[in-house]
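# Structural description and commentary
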Amino acid sequence: MRRALFPGSFDPITKGHEDIILRGLTLFDELVIGVGSNTEKNYMFPTKKRINFIKKLFVNEKKIIVNKYNGLTVDFCKSINASYILRGLRNPADFEFEKAIAHTNRKLSGIETIFLLTSAKTSYISSGIVREIIINKGDYKSLVPSSVRL
Ligand code: ADP
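Residues numbered from 1 in each chain as written. Predicted model: local features only at pLDDT ≥ 70, side-chain atom pairs only at ≥ 80, totals over all residues. Heavy atoms only, no water.

## Overview of the sheet that holds strand S4 (residues 84–89)
- Ordered by their spatial adjacency, five strands build an open sheet running S3-S2-S1-S4-S5, and the pairing between neighbours is parallel. Pairing within the sheet leaves two strands with one partner each, and these edge strands are strand S3 (64–69) and strand S5 (112–117). Adjacent strand axes in the sheet meet at a mean angle of 30 degrees, parallel and antiparallel pairs treated alike.
- Here strand S2 (residues 30–36) pairs with S3 via six bridges, running parallel. Bridge pairing in S3 places Gly34 opposite Asn67.
- Helix H3 (residues 73–80) rests against strand S1 (3–8), S2, S3 and S4 of the sheet, and its axis sits at about 145 degrees to S1.
- Set on the sheet, helix H4 (residues 92–109) makes contact with S4 and S5; between it and S4 the angle comes to about 170 degrees. (Pairing = 2+ DSSP bridges. Helix = DSSP H or I, 4+ residues; strand = E, 2+ residues; numbered from the N terminus. Axes fitted to C-alpha atoms, helices over the stretch in contact; angles between N-to-C directions. Contact = heavy atoms within 4.5 Å.)

## Observations regarding the pairing of S2
- Within S2, seven of the seven residues are buried, which leaves it mostly tucked inside the rest of the structure.
- Of the two faces of S2, the one lined by Glu30, Val32, Gly34 and Gly36 and the one lined by Leu31, Ile33 and Val35 are each fully buried.
- The pairing of S1 with S2 spans six bridges and is classified as parallel. In the strand pairing of S2, Ala4 is matched with Leu31. (Buried < 20%, exposed > 50% of the residue type's maximum accessible area, 1.4 Å probe, protein only.)

## Observations concerning a positive patch on the surface
- Residues Lys15, Lys56, Lys141 and Arg149 make up a contiguous surface patch of positive charge.
- Inspection of the secondary structure puts Lys56 in helix H2 (residues 47–57).
- The exposure class assigned to Lys56 is exposed, which follows from its relative accessible area of 60%. (Patch = residues over 30% accessible without salt bridge, like charges linked within 9 Å, V, L, I, M, F, W, Y side chains within 5 Å. Areas by Shrake-Rupley, 256 points an atom, 1.4 Å probe, with all protein chains shown as cover. Salt bridge = Lys/Arg side-chain N within 4 Å of Asp/Glu carboxyl O. Lys, Arg positive; Asp, Glu negative; His and termini not counted. Charge placed at Lys NZ, Arg CZ, Asp CG, Glu CD.)

Spelled out as structure tokens, the structure:
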């Protein structure tokens, strides 16, 4: 059984995340979406809401499990028996950042990180931009799945 973890803040989930999840699903038997829940981070949406947006979106997808977690990603992987971490790459900045983390995670645990390049259509989307639009009362709806509503 190939089980992967797709970790992130998902504050909120965007069409960019959705794209990576749907394409990642073709590679693994099960995909656990790990919603980070660190007390020192200031999220716009509470953990429960971030999880519900994702659960609602994938309600009919049997291969997807949504869980919250805190602490080290590799420790969470071990606790759920995931041998892979899935990450999306949008640009060179993502690559530089992710490279160091992937090397470190493999050194710590042997867990491999699998990267998917973003689709051109969604590569510019980030949760940060979506939050900025929401704060300024703009129309964020075309950037997120329809399960994400205020
Ligand atoms: P984090 O707080 O770990 O950066 P995010 O929720 O922002 O969490 O992102 C989780 C994962 O989704 C990361 O691998 C990130 O590169 C990827 N991702 C974010 N936005 C997009 C996008 N528009 N297209 C593809 N992947 C994305």
